[in-house]
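Overview (structure and organization)
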Amino acid sequence: MSVLVLVLAVSAACCLGLGFVLQQNAARQAPLSDFLSPRLLLDLMKVRRWLAGIGLMAVGMALGAIALGRGEISLVEPLLATNLLFALALSRKQTGQPLGRQGWSGLLLLAGGVTAFIVAGEPRGGTALTDPFRHWLIIGSMLGLALLLTTYAKRSRLTSGPVLLGVAAGLVYGVQDALTRVSGQRFAEGGLPALLTGWQPYAVLVLGVTGLILVQSAFETAPLRMSLPALTAAQPLAGILCGVGFLGDRLRTDTGALAWEAAGLAGIVAGIVLLGMHPAMPRGVPRPEPVRDLQPS
């Protein structure tokens, strides 16, 4: 594993985790009428804390894109999942909550899961598949599932909606990471003309805005612990599926390696859930009750 890729991916995770906390602090105060609407982004642009969070997120995505250009997506995605550690660190500072048994267990599971998956799988590059049917089957399946989850989230936006939106955003961002990798390869092979004549960079922009709306709508309606674990767990799984499915990433497939890879992914998800549900994760600002006009009796 390249030390540069490791540093880039962990730095990206740090920026993403800190940015998510700042974004949720601001989005929690947005009007519910903006739910799943581009108007939500326009309203949040007036909030300095949200802009700071978006700035950190943009830096994190840029660092992640560079890491994806230099390393396999099956290697970078598990490292990006550690953004939850940095989100928890900032949340702990805001709330003053100790890590406790739950926090340490989640930290060990997440770190151990990432290590086990990378060591056992030994992600390495290969020849990307050129079969367009396989590309669109994998991408279409994940984006279709994201659309289905978003549809159900509209019906239950104050109950299970934030979790569903977190999963949907994770799927969208996983596909975006895969297309970012493809865009980087096109640029490396043919420069700017090759990049701009492909559909992938434009899809990256559309998916980025779509994912942002989903994430901010989830942050708007519930505490961070409801949506960030789902987002953080779904994104690496979607990215790894794209990497192995059509980007040519290769993992060890002997019985022992597959067992450790599965155990590593399970540890990542379990650690994410434990950290995401930690009491240190901010609950957000309570919404004020609507003021009712008193009618004279």
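Everything here concerns the structure above.
A brief structural summary. Treat the numbers as computed from the prediction; the structure is a model and nothing was measured. (Residues numbered from 1 in each chain as written. Predicted model: local features only at pLDDT ≥ 70, side-chain atom pairs only at ≥ 80, totals over all residues. Heavy atoms only, no water.)

Before going further, it helps to spend a moment on the overall build of the protein. A count of helical and extended segments in the protein gives eleven helices and zero strands. Its helices and strands taken in sequence order, the protein reads α-α-α-α-α-α-α-α-α-α-α from the N to the C terminus. For 297 residues, the compact-globule estimate of 2.2 N^0.38 gives 19 Å, and the C-alpha radius of gyration of the protein, at 19 Å, lies within 12% of that figure. Taking the principal axes of its C-alpha atoms as reference, the protein extends roughly 80 × 45 × 30 Å. At a minimum sequence separation of 6, the contacts of the protein that also span at least 24 residues come to 87%. (Helix = DSSP H or I, 4+ residues; strand = E, 2+ residues; numbered from the N terminus. Rg over C-alpha atoms; globule rule 2.2 N^0.38 Å. Contact = heavy atoms within 4.5 Å.)

Now for unusual backbone geometry. Its identity is not glycine, yet E122 carries a phi of approximately 45°, on the positive side. Within the secondary structure layout, E122 lies in the loop between α6 (100–121) and α7 (132–155). Residue E122 is classed as partly exposed on the basis of its relative accessible area of 42%. (Buried < 20%, exposed > 50% of the residue type's maximum accessible area, 1.4 Å probe, protein only.)

One pass over the structure, following the stated rule, counts three salt bridges. Put simply, R252 and E122 hold a salt bridge, and the shortest N to O gap is 3.8 Å. Remark: E122 occurs in the loop between α6 and α7 and R252 occurs in the loop between α10 (224–245) and α11 (255–276); sequence separation between them is 130 residues. Exposure remark for R252: the relative accessible area of 30% places this residue in the partly exposed category. Between R252 and D254 there is a salt bridge, with its nearest N and O atoms 3.3 Å apart. A single salt-bridge network, built from bridges that share partners, covers E122, R252 and D254. (Salt bridge = Lys/Arg side-chain N within 4 Å of Asp/Glu carboxyl O.)

Before going further, it helps to examine α10. Its 22 residues give α10 an end-to-end C-alpha distance of 31 Å, which sits within 8% of 32 Å, the value for a rise of 1.5 Å per residue. The buried count for α10 comes to 18 of 22 residues, which makes it a mostly enclosed element. (Expected span 1.5 Å × (residues − 1).)

What follows is about the packing of aromatic side chains. Applying the stated rule across the entire model yields two aromatic pairs. Ring centres of F20 and F219 lie 6.1 Å apart, and the angle between their planes is 80°; this geometry places the pair in the edge-to-face category. Of the two residues, F20 is situated in helix α1 (residues 3–27) and F219 in helix α9 (residues 200–221); the sequence distance between them amounts to 199 residues. The same class applies to F20 and to F219, which are both buried. (Phe/Tyr/Trp six-rings, centres within 6.5 Å; stacked < 30°, edge-to-face > 60°.)

Locating Q235 in the fold gives a position in helix α10. Setting aside residues up to four positions removed in sequence, Q235 forms contacts with E77, G170, Y173, G174 and D177.

On the surface, a nonpolar cluster with roughly 410 Å² of combined accessible area is contributed by F187, L192, L196 and Y202. With three residues, the top contributor of residues to the nonpolar patch is helix α8 (residues 161–196). Tracing the backbone shows Y202 in helix α9. On the basis of relative accessibility, which here comes to 43%, the residue Y202 falls in the partly exposed class. (Patch = residues over 30% accessible without salt bridge, like charges linked within 9 Å, V, L, I, M, F, W, Y side chains within 5 Å. Areas by Shrake-Rupley, 256 points an atom, 1.4 Å probe, with all protein chains shown as cover.)

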